[in-house]
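Results of the structural survey
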Amino acid sequence: MARNAPARYGWTKLVPASEPTGDASSRLTQTVLAQRLSENGARLVTPGADQYSGLALPKDKTITISVIAGPSKGVKHQLTRPLVSIGRSGAGADLQIDDPKASGVHCVIGVKQEMIRLCDLDSKDGTYINDERVQAAGLEHLSEFRIGSSWLLLIVLSKEDFATS
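The rules behind these values
Residues numbered from 1 in each chain as written. Predicted model: local features only at pLDDT ≥ 70, side-chain atom pairs only at ≥ 80, totals over all residues. Heavy atoms only, no water. Pairing = 2+ DSSP bridges. Helix = DSSP H or I, 4+ residues; strand = E, 2+ residues; numbered from the N terminus. Axes fitted to C-alpha atoms, helices over the stretch in contact; angles between N-to-C directions. Salt bridge = Lys/Arg side-chain N within 4 Å of Asp/Glu carboxyl O. Buried < 20%, exposed > 50% of the residue type's maximum accessible area, 1.4 Å probe, protein only.

**Overview of the sheet that holds strand β11 (residues 136-139)**
One open sheet accounts for five strands, arranged β6-β5-β7-β8-β11; its pairing is mixed. With one partner strand each, in any of the chains shown, β6 (95-97) and β11 form the two edges of the open sheet. Put simply, the sheet's adjacent strands are angled 20° from each other on average, direction ignored.

**A word on the pairing of strand β3 (residues 61-69)**
Pairing of β3 with strand β13 (residues 150-158) involves eight bridges; the strand directions are antiparallel. Paired with Ile65 across the strands is Leu154, a residue of β13. Where β3 and strand β4 (residues 76-78) come together, three bridges link them in antiparallel fashion. The partner of Ser66 across the bridge, within β4, is Lys76. Where β3 folds back on β4, the antiparallel hairpin that results is connected by six residues, among which Gly70 adopts a positive phi of roughly 115°.

**A look at unusual backbone geometry**
At Asp131, a residue that is not glycine, the phi angle is positive and equals roughly 60°. In this structure, Leu142 takes a positive phi of about 70° despite not being glycine. If you trace the backbone, Leu142 turns up in the loop between β11 and β12 (143-147).

**Let's talk about the pattern of salt bridges**
Applying the stated criterion across every chain yields a total of three salt bridges. In this structure, Asp60 engages Lys61 in a salt bridge whose closest nitrogen and oxygen atoms are separated by 3.7 Å. Take Lys61: its relative accessible area is 27%, and that puts it in the partly exposed class. Members of the salt-bridge network, linked through shared partners, are Asp60, Lys61 and Glu114.

**Some points on the sheet that holds β3**
Across the sheet, six strands lie side by side as β4-β3-β13-β12-β9-β10; this open sheet has antiparallel pairing. What marks the edges here is a single partner per strand, and that holds for β4 and β10 (132-134). Averaged over all pairs of adjacent strands, the angle between their axes in this sheet comes to 30°, without regard to strand direction. Bridge count for strand β9 (residues 127-129) against β12 is two bridges, and the pairing is antiparallel. Considered in β12, the bridge of Tyr128 is made with Arg146.

Structure, rendered in structure tokens:
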């Protein structure tokens, strides 16, 4: 199966409101987990509009991430929130995989309108699409990506199709 080429674009950086925006060691890069936004009172570090408020799952679609190769092959996670973290088992990510090469919280998937973005969280070993390391990339139905030694597949179905599958 052909792997989708990455669509490169940035992701807004978020930091807890109590942290200074210039301190790189304390900054949460690329994005933070949705629950941390509400629990820690995070704010956007961007001029202008509040882009986080636009994150939302589509009402007419179901989005699932399946592990198709690697130690956790067969694990599936249906998105119930528009921002989902992926990482090594036991580290607190929303979708946990038993892969020692994955970072604790390795990457996130964010959904905004009809866009789905994959963002690496400065993981040690990186996030890959088509054997190319990416910081941020667009995903679509049947996009594959690799973290550690695991391949994951994004499946987007209309709720009608999902109900009959």
